[in-house]
Amino acid sequence: MQKIIKIKYSVVIPIYNEEKVIPELYSRTTKVFSGKAGYEIIFVDDGSSDHSLEILEKLNKKDSKIKIISLSRNFGHQEAISAGIDFAKGNAVVTMDGDLQDPPEIITEFIKEWEKGCKIVYGIRKSSKESFQKRFFSKMFYRVFNKLSNIKIPLDAGDFCLMDREIVDILVKLPERVRFLRGIRPWIGFKQGFVKYDRDKRYGGKAKYTVNKSTKLAINALASFSYLPLHLFVGIGFFTSLFSFIGIVLTIIAKFAGIEVVKGWTSTILVILLLGGIQLIMLGIIGEYIEKIFEETKHRPIYIVNKLVGITPNRSPKGRQV
Ligand code: UDP
Ligand code: MG
C-alpha cells in the first residue's frame, strides 16, 4: 500500500517560456529540500509557447514531487501564482519566480522564521543585479505606493515569500479578481517576518515583464489599494473652481467699474487648455477605477486550467477544474 505523506511545504513557481532555466531551477530547488520529507514543487505553466511544459512533464515522470498546472493560455504572473496557491497543499507555501532571480536556497531561511511563529515571511531585496532603470522604478514604486495607499507593503518585498496555511486559506477565499498579491499579503495581517537577500541575475532567457506589463501592475496596484487619486480630484476641482469664481467676480467688478477689458485670446485659450487637461486626467483616473469595478463584477475566473499533472483536483475557487 502506498504510504500517504502529508505535505509540509509547497513551492509555487510561475513559468512562462523558461525552458533554459527549468533544469537548473529544478535541481537547485530540490536540493533545498533534500532530507526533508513531504514537499511538492508546483510549476504553473502560464501558456508557454516554448518547450517548458514538455520539460516539466518529463521531470514529473521521474520525480512525483513535481506537479504541474498548465493554464489554457498566458494569464500573467500574478494569475499564475494565484493558480499555484489555490492547488498547494503544504502547511507552508512558498512563491518564487522561475528565472532563479530569487535564490531557492533562501527558502531554508524562510522556514526558520516560519518555525519561530511568523505567518508570512517576506524576501526583502537587499541588492539586485537588474538594470539601473528597472531598479530605480521598482524602488520608487514601493515608496510611492506606501505614500498613496491605505496599507503599507514592506519596502522592496517582491513575490518571493513563505505563507502559512492560515494565510493561504484566507488568500484563496478573497474574491477580488484584480490580483496584486504584494498588497493583499500585508492586508491580511498576522505576524510577519523578513529575510534579506541579494537578487540574482536572470539565469537564462528573457525578462517577461515588459515596460507595458510593469506599468499595468503598478496601475493595478494603486487602483486596488488607494483612493487618494480620487480624493485628489476633489481637491484639484475645488481649487480650480475657486480660481474661476474669483475670475468671475473680478470680471463683473471690472465691467461695472467701466474698466476696458482687453479681449485676450491667449489667456482664454490657456484657461481652456488647463481646465481641459485637468478634466481629462480626472476622467482617466475615474476610468481606471471603473475598469476595476467592471472586472470584479464580471465574475470571470482569474485563470482557466488546461490540465493538471500529478495533482488531484480538490478545489479550485477561481479556476475551472478539469
Ligand atoms: N511569468 C508568468 N507569466 C507572465 C510573465 C511572467 O508566469 O505573463 C513568470 C516568469 O516565467 C517568471 C516570473 O513570472 O518566472 C517573473 O517574470 P520575469 O522574471 O520575467 O519578471 P522580471 O524579473 O522581469 O520582473
Ligand atoms: Mg525575473
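Quick note: structure is the one above.
Everything in this summary refers to the structure shown in the same document.

Calculation criteria
Residues numbered from 1 in each chain as written. Chains lettered and ligands numbered in written order. Predicted model: local features only at pLDDT ≥ 70, side-chain atom pairs only at ≥ 80, totals over all residues. Heavy atoms only, no water. Donors = N, O, S within 2.8 Å, 3.2 Å for Na, K, Ca; no water. Buried < 20%, exposed > 50% of the residue type's maximum accessible area, 1.4 Å probe, protein only. Axes fitted to C-alpha atoms, helices over the stretch in contact; angles between N-to-C directions. Helix = DSSP H or I, 4+ residues; strand = E, 2+ residues; numbered from the N terminus. Parallel < 35°, antiparallel > 145°, perpendicular 65-115°, else oblique. Left-handed = near helix turned anticlockwise from the far one by under 90°. Contact = heavy atoms within 4.5 Å. Nonpolar A, V, L, I, M, F, W, Y, C, P; charged D, E, K, R; others polar. Core = buried A, V, L, I, M, F, W, Y, C linked by side-chain atoms within 4.5 Å. Near = heavy atom within 4 Å. Polar contact = N/O pair within 3.5 Å; in protein donor to acceptor, adjacent residues only side chain to side chain. Areas by Shrake-Rupley, 256 points an atom, 1.4 Å probe, with all protein chains shown as cover. Salt bridge = Lys/Arg side-chain N within 4 Å of Asp/Glu carboxyl O. Phe/Tyr/Trp six-rings, centres within 6.5 Å; stacked < 30°, edge-to-face > 60°. Lys NZ or Arg CZ within 6 Å of the ring centre and 35° of its normal. Pairing = 2+ DSSP bridges.

**Focus: the coordination of the magnesium ion (ligand 2)**
Next up, step 1: Surrounding the magnesium ion (ligand 2) are the protein donor atoms Asp99 (OD) and Gln101 (OE1), at 1.9 to 2.0 Å. Per residue, the accessibility class of Asp99 equals that of Gln101, and both read buried.

**Structural notes on the packing of helix α6 (residues 165-173) against helix α7 (residues 181-188)**
Next up, step 1: Relative to each other, α6 and α7 sit at 120 degrees, their axes nearing to 11 Å. It follows that α6 is oblique to α7 by the angle criterion. Crossing hand, α6 versus α7: right-handed. Packed against α6, whose contacting residues are Ile167, Ile170 and Leu171, the element α7 presents Leu181, Ile184 and Ile188 at the interface.
Next up, step 2: Split into classes, the residues belonging to the contact of α6 with α7 amount to 6 nonpolar, no polar and no charged.

**Quick notes on the nonpolar core**
Next up, step 1: Counting 41 residues, the largest nonpolar core has Ile69 and Leu71 as its most contacted members.
Next up, step 2: Excluding residues that lie within four positions of it along the chain, Ile69 makes contacts with Ile42, Phe43, Val44, Asp45, Ala83, Gly84, Phe87, Val305, Lys307, Leu308 and Ile311.
Next up, step 3: Residues Ile106, Phe110, Val121 and Leu162 belong to the second largest nonpolar core, which totals 34 residues.

**Remarks on the site of ligand 1**
Next up, step 1: As a matter of local geometry, ligand 1 sits amid 19 residues, with Glu18, Asp46, Asp99, Lys134 and Lys208 nearest to it.
Next up, step 2: In the environment of ligand 1, a nitrogen atom lies 3.5 Å from a nitrogen or oxygen atom belonging to the backbone of His77.
Next up, step 3: In the complex, 96% of the free accessible area of ligand 1, which totals 530 Å², lies under the protein chains.
Next up, step 4: Of the residues belonging to the shell around ligand 1, the class tally is 5 nonpolar, 5 polar and 9 charged.

**Digging into the pattern of salt bridges**
Once their charged atoms are close, side chains differing in charge can pair, the charge on each being opposite to the other.
Next up, step 1: Summed over all chains, the structure comprises 16 salt bridges.
Next up, step 2: Across the salt bridge formed by Glu105 and Arg28, the nearest N and O atoms sit 2.9 Å from each other. Of this pair, Glu105 sits in the loop between β4 (92-95) and α4 (107-115) while Arg28 is found in helix α1 (residues 22-32), placing the two residues 77 residues apart along the sequence.
Next up, step 3: Among the charged side chains, a network of salt bridges with common partners joins Glu18, Asp99, Arg202 and Lys208.

**Considerations on the packing of aromatic side chains**
Next up, step 1: Counted under the stated rule, the structure contains 12 aromatic pairs.
Next up, step 2: Seen from their ring centres, Phe33 and Tyr39 are 4.8 Å apart, and the 15 degrees between their planes marks the pair as stacked. Each member of the pair, Phe33 as well as Tyr39, is classed as buried.
Next up, step 3: Ring geometry for Phe136 against Phe137: centres 5.4 Å apart, planes inclined by 75 degrees, an arrangement best described as edge-to-face.
Next up, step 4: Here Phe136 falls in the partly exposed class, since its relative accessible area comes to 42%.
Next up, step 5: Residue classification places Phe137 among the partly exposed positions, given a relative accessible area of 47%.
Next up, step 6: Taken together, Tyr9, Phe33, Tyr39 and Trp114 form an aromatic cluster joined through their ring pairs.
Next up, step 7: We note Lys65 situated over the ring of Tyr39; from NZ or CZ to the ring centre the distance is 5.3 Å.
Next up, step 8: Here Arg73 stacks its cationic end above the ring of Phe75, 3.8 Å away from the centre of that ring.

**Remarks on the sheet that holds strand β8 (residues 305-309)**
Within a sheet, adjacent strands bond to each other through the backbone by hydrogen bonds, running parallel or antiparallel.
Next up, step 1: Across the sheet, which stays open at both edges, the 8 strands sit in the order β7-β5-β6-β4-β1-β2-β3-β8 with mixed pairing between neighbours. Each edge of the open sheet is held by one strand with a lone partner, namely β7 (192-199) and β8. Averaged over all pairs of adjacent strands, the angle between their axes in this sheet comes to 20 degrees, without regard to strand direction.
Next up, step 2: With 5 bridges connecting them, strand β2 (residues 39-45) and strand β3 (residues 66-71) associate as parallel partners. Note on β3: the bridge partner recorded for Val44 is Ile69.
Next up, step 3: Sheet strands touched by helix α2 (residues 52-62): β1 (9-15), β2, β3 and β8. Its angle to β3, the strand with the most contacts, is close to 150 degrees.

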